[in-house]
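Per-entry structural report
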Amino acid sequence: MSERDSERIAKAIQYLDRHYRGQPSLDEVATAVELSPYHFQRLFKRWAGVTPKRFLQFLTIEHAKAALSEQGEGLTIRYGFHPTPFGECLLAATDRGVCRLAFATRRERREVLAELRRRWQGAELVHDQRRTSSVASRIFQRRSTRERPLTLSLQGTNFQLKVWEALLRIPPGALVSYGDIARSIGHPDAHRAVGTAVGQNPIAYLIPCHRVIRSSGAFGEYRWGSARKKAMVAWEAARRARTEAPALRAG
């Protein structure tokens, strides 16, 4: 998407946000961004994956209330706090898979639990240290590539899910830039949007947002601290170097 098209989308979103109560027509929004209805519809659907009319429904208070009531309803989330090579973490999982991994000190336990409740309103939270301990061990002490992959339970926009899926394709010990991620998902100019989605990753380490750095080589910010990000990158690089090192024997 060109810079000009990105500006048109931004202008359209602002217009929709200001006028959503009046349910503006396609012609009205297209006029606001100085495009024909046909070309605006094509541009918007390419960006959002849905028509402007459908997108407008997601801006209503009624939709927001419905989303809140449905989010997590009937789910049981089991959680526990576990030590890792990078400090203590909160690990939470549903029957569908891991839904949250956040680093936290003991003082921050209440805060990360409160955030978990906000993300999964309506779900029942159960402290189950034994159940989540086995998952934590698989994440941080994995010894065999033959182990069955862990499944994830994620909530996010289409764009966020695309970014997080791209993160999962980065191998351990490798680093990519935000621009690399943007290009890999077909939005080469969306560096900032990619950075925001990376920062909103709900499952630290397992979805490896720590492997994304600035194109200058600077590590950049990290939701759970830049020192922890550097430690993760170095730890993975060291493990990768160790496994790839040639075997030596005495002559």
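Computed from a predicted structure; not experimentally measured. (Residues numbered from 1 in each chain as written. Predicted model: local features only at pLDDT ≥ 70, side-chain atom pairs only at ≥ 80, totals over all residues. Heavy atoms only, no water.)

**As for the overall build of the protein**
Defined as follows: Secondary structure is summarised from DSSP: a helix means a run of H or I of at least four residues, a strand means a run of E of at least two, and numbering begins at the N terminus for each. The cut-offs for exposure are 20% and 50% of the maximum accessible area for each residue type, with area from a 1.4 Å probe on protein chains only; residues under the lower value are buried, those over the upper are exposed, and the others partly exposed. Any two residues having at least one pair of non-hydrogen atoms within 4.5 Å are treated as being in contact.
A count of helical and extended segments in the protein gives eleven helices and six strands. Within the span of the protein, comprising 251 residues, buried residues form 39% of the whole. Contacts spanning at least 24 positions in sequence make up 58% of the contacts within the protein whose residues lie at least 6 apart.

**Examining the sheet that holds strand E3 (residues 97-103)**
Filter applied, for reference: For two strands to be treated as a pair, DSSP must find at least two bridges joining them. Axis angles are defined between N-to-C directions and span 0 to 180 degrees, where every axis is a line fitted to C-alpha atoms and, for a helix, only to the segment in contact.
Across the sheet, four strands lie side by side as E3-E2-E1-E4; this open sheet has mixed pairing. Taken across any chain shown, the strands that pair with only one partner, and hence form the sheet edges, are E3 and strand E4 (124-127). Neighbour-to-neighbour, the strand axes of this sheet turn through a mean angle of 25°, independent of strand direction. Two strands pair when backbone bridges link them, and strand E2 (residues 89-94) and E3 are joined in this way by six bridges, in the antiparallel orientation. Considered in E3, the bridge of leucine 91 is made with leucine 101.

**Brief notes about helix H3 (residues 37-48)**
Formally: A helix is expected to span 1.5 Å for every residue after the first. Think of it as the arc spanned by the lines of direction from the helix axis to the C-beta atoms.
Its twelve residues give H3 an end-to-end C-alpha distance of 16 Å, which sits within 8% of 16 Å, the value for a rise of 1.5 Å per residue. Residues of H3 that are buried include every one of Phe40, Leu43, Phe44 and Ala48, and no others. Burial along H3 is one-sided: seen end-on, the buried residues are contained in an arc of 115°. In H3, the exposed positions angled more than 90 degrees off the buried face are occupied by Tyr38 and Arg42. Glycine 49, located one to two residues past H3, shows a positive phi value of around 85°.

**Quick look at unusual backbone geometry**
Of note in the backbone geometry, glutamate 34 takes a positive phi value of approximately 65° without being a glycine. Tracing the sequence through the fold places glutamate 34 in the loop between helix H2 (26-32) and H3. For tyrosine 205, which is not glycine, the phi torsion reads 65° and is therefore positive. When you line up the elements, tyrosine 205 lands in the loop between helix H10 (191-199) and strand E6 (212-213).

**Remarks on helix H7 (residues 129-140)**
In a regular helix each residue adds 1.5 Å, so twelve residues correspond to 16 Å; H7 covers 16 Å between its end C-alpha atoms and thus fits that length. Here H7 has its buried residues at Thr132, Val135, Ala136, Ile139 and Phe140. Along the axis of H7, the buried positions cluster into a sector of 120°, meaning they face one direction only.

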